[in-house]
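Structural features, examined
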Amino acid sequence: MERAEHIYQRLVEICGERNVLRDEPMKNHTLVRIGGKADFLVWPETYEQVIEVLRLKEEYGLPFTLLGNGSNVIIRDGGLRGIVMQLKHLNRIWREGNNVIAQSGADIKAVSRFALEQSLTGLEFACGIPGSVGGAIMMNAGAYGGEVKDVLDHVKVATLAGELKTLKNEELELGYRTSIISRTHDIVLEVVFALQPGDYAQIKAKMDDLTFQRESKQPLEYPSVGSVFKRPPGYFAGKLIQDSGLQGKGFGGAEVSTKHAGFIINKNNATAADYIATIEMVRKTVKEKFGVDLELEVKIIGEE
Ligand SMILES: Cc1cc2nc3c(=O)[nH]c(=O)nc-3n(C[C@H](O)[C@H](O)[C@H](O)COP(=O)(O)OP(=O)(O)OC[C@H]3O[C@@H](n4cnc5c(N)ncnc54)[C@H](O)[C@@H]3O)c2cc1C
């Protein structure tokens, strides 16, 4: 049997046929609807399956990529070699005391909504963030003055070597859109958010207000990765891009949004090459006009 077929069969034994895709276009699995093919895309249903897939990738020496909801990544047009894993089936959310516990494949929006239903306050800021819980930890996701760091108690992770560990908030080095996970590449499996009892109506009013602000300012009608750039110290990326006159400009199907200049939208079947060329054009122009280096918030991965 050829090697690729052998790997496929082993993955099917671990995760089941319905949870293993071959040569899968990743544009079907990223919010920006961009991305070349993954050799193998797997969706484990249990932590044991996650560990077994990690062992298999070690055994075959395969490249490995973990994705959440694919809301903050651009996968290049050449795609991803080896195994790509998404934890979308590990999506349970439950309450213990004032803690909300979520498996990392749950949507952070769903966790925010669950907290509302339980009249627990602290996760209102996350009500419009389209990532998974795991992605939100990795990125220390935040919005409108709140961030994961404020409400996170601890996480359970699997190391790439397949060892299980618990990491407390302080150990995660949560900073502006970053965490220690970006260096260790641990896989977040389960997350404990420490919340406070609150008033349902007040929590809901705050979430409604944040949703209104988001919908009125962001081009949510088009696929995108959200804010492409981090906020440069002392500036707003969107304002610099707007003042550079770049709104409506871009390459191929990618365009700097006319509604929010910090967003680059996939307006018309953009390729990763279109999107990345647009990013580079924005960085170059802003550097020339204002002398500011725009650092990427979005992650660009995969082969050319
Ligand atoms: C319209 C729009 C609005 C957005 N608004 C916001 C916002 O207000 N605030 C904000 O912070 N972000 C925002 N984002 C960006 C994005 O939603 C967040 O960064 C989110 O946390 C990414 O989660 P994800 O599951 O999609 O991760 P992905 O994009 O799939 O992956 C991002 C990184 O996280 C890692 N990762 C994913 N899952 C795990 C896991 N289980 N364990 C370890 N690492 C993991 C991946 O390996 C990758 O490095 C927005 C995006 C869009 C498209």
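Residues numbered from 1 in each chain as written. Predicted model: local features only at pLDDT ≥ 70, side-chain atom pairs only at ≥ 80, totals over all residues. Heavy atoms only, no water.

**What about the nonpolar core?**
In a soluble, globular protein the nonpolar side chains are often hidden away together inside. Membership of the largest hydrophobic core comes to 33 residues, with the highest contact counts inside it found for Ile 137, Leu 152, Val 155, Leu 172 and Phe 193. Only β7 (99–103), α3 (108–117), α4 (133–139), α5 (148–151), β11 (152–158) and β13 (187–194) provide two or more residues apiece to this core. For this core, the element with the most residues is α4, which contributes 5 residues. The residues contacting Val 155, other than those within four sequence positions of it, are Ile 137, Lys 165, Thr 166, Leu 167, Leu 172, Val 188, Glu 190 and Val 191. Listed in part, the 25 residues of the second largest apolar core include Val 32, Ala 270, Ile 276 and Ile 279. (Core = buried A, V, L, I, M, F, W, Y, C linked by side-chain atoms within 4.5 Å. Buried < 20%, exposed > 50% of the residue type's maximum accessible area, 1.4 Å probe, protein only. Helix = DSSP H or I, 4+ residues; strand = E, 2+ residues; numbered from the N terminus. Contact = heavy atoms within 4.5 Å.)

**What to know about the side chain of Glu 297**
Residue placement: Glu 297 occurs in the loop between α9 (272–290) and β18 (299–301). The exposure class of Glu 297 is buried, given its relative accessible area of 13%. Setting aside its immediate chain neighbours within four residues, Glu 297 contacts Asn 72, Met 139, Tyr 176, Arg 177, Ser 227, Val 228, Phe 229 and Lys 230.

**As for helix α1 (residues 3–15)**
For α1, which comprises 13 residues, the first-to-last C-alpha distance of 18 Å matches the rise-based estimate of 18 Å (1.5 Å per residue) to within 8%. Listing the buried residues of α1 in full gives Ile 7, Tyr 8, Leu 11, Val 12, Ile 14 and Cys 15. The buried side chains of α1 occupy one side of the element, clustering within an arc of 160° when seen end-on. Contacts from the buried residues of α1 go to β1 (20–25), β2 (37–42), α2 (47–60) and β5 (80–86). (Expected span 1.5 Å × (residues − 1). Arc of directions from axis to C-beta.)

**With respect to the UniProt feature "active site" (unreviewed entry) in the chain**
Per the UniProt entry, the sites bearing "active site" (unreviewed entry) are Arg 177, Ser 227 and Glu 297 in this numbering. These annotated residues cover 121 residues of sequence, and their C-alpha atoms all fall within 11.1 Å of one another, placing them together at a single site. Structurally, the position occupied by Arg 177 is in the loop between β12 (164–168) and α6 (181–184). With residues up to four places along the chain from it excluded, the contact list for Arg 177 reads Met 139, Asn 140, Ala 141, Gly 142, Ala 143, Lys 230 and Glu 297. Reaching out from Arg 177, the side chain makes a polar contact with the backbone oxygen of Asn 140 at a distance of 2.8 Å. With respect to the secondary-structure elements, Ser 227 resides in strand β15 (residues 224–227). Residues within four places of Ser 227 in sequence aside, it is in contact with Asn 72, Gly 262, Phe 263 and Glu 297. (UniProt positions renumbered as here; feature names shortened; annotations may be inferred. Polar contact = N/O pair within 3.5 Å; in protein donor to acceptor, adjacent residues only side chain to side chain.)

**Notes on the site of the ligand**
Near the ligand there are 34 residues, and of these Leu 66, Gly 68, Ser 71, Ser 132 and Gly 142 occur at the shortest range. Measuring from an oxygen atom of the ligand, one finds a backbone N or O atom of Leu 66 at 2.7 Å. Backbone polar atom of Asn 69 to an oxygen atom of the ligand: 2.8 Å apart, as the coordinates give it. When the ligand sits alone it has 970 Å² of accessible area, and the protein chains cover 92% of it. Mapped onto the shell around the ligand, the elements with two or more residues apiece are β3 (64–67), α4, β9 (142–143), β13 and β15. (Near = heavy atom within 4 Å. Areas by Shrake-Rupley, 256 points an atom, 1.4 Å probe, with all protein chains shown as cover.)

**Thoughts on the side chain of Ser 112**
Mapped onto the secondary structure, Ser 112 falls in helix α3. Not counting the four nearest positions on each side in its chain, Ser 112 is found in contact with Leu 123, Glu 124, Ala 126, Cys 127 and Met 207.

**Brief notes about α3**
Residues of α3 that are buried: Ile 108, Val 111, Ser 112, Phe 114, Ala 115 and Leu 116. As for α3, its buried residues are in contact with β6 (93–96), β7, β8 (120–121), α4, β13 and α7 (200–217).

**Considerations on the pairing of strand β17 (residues 263–266)**
Burial along β17 is two-sided: the residues Phe 263 and Ile 265 and Ile 264 and Asn 266 are all buried. Bridging between β15 and β17 involves 2 bridges; their strand directions are antiparallel. The partner of Ser 224 across the bridge, within β17, is Ile 265. Strand direction decides the pairing type here: strand β16 (residues 254–256) and β17, joined by 3 bridges, are antiparallel. Note on β17: the bridge partner recorded for Val 256 is Ile 264. Between the antiparallel neighbours β16 and β17 lie 6 residues. (Pairing = 2+ DSSP bridges.)

**Side note on the sheet that holds β17**
Spatial ordering of the open sheet is given by β15-β17-β16, a layout of 3 strands whose pairing is antiparallel. Looking at which strands have only one partner, the edges of the open sheet turn out to be β15 and β16. Neighbour to neighbour, the strand axes of the sheet diverge by 20° on average, direction disregarded. (Axes fitted to C-alpha atoms, helices over the stretch in contact; angles between N-to-C directions.)

**A closer look at the sheet that holds β7**
Sheet architecture is open: 5 strands sit in the order β6-β7-β13-β11-β12, paired in antiparallel fashion. The sheet is open, and its two edges are formed by β6 and β12, each paired on a single side. Taking each pair of neighbouring strands and ignoring which way they run, the sheet shows an average axis angle of 20°. Across the face of the sheet, α2 comes into contact with β7, β11, β12 and β13 while running at roughly 145° to β13.

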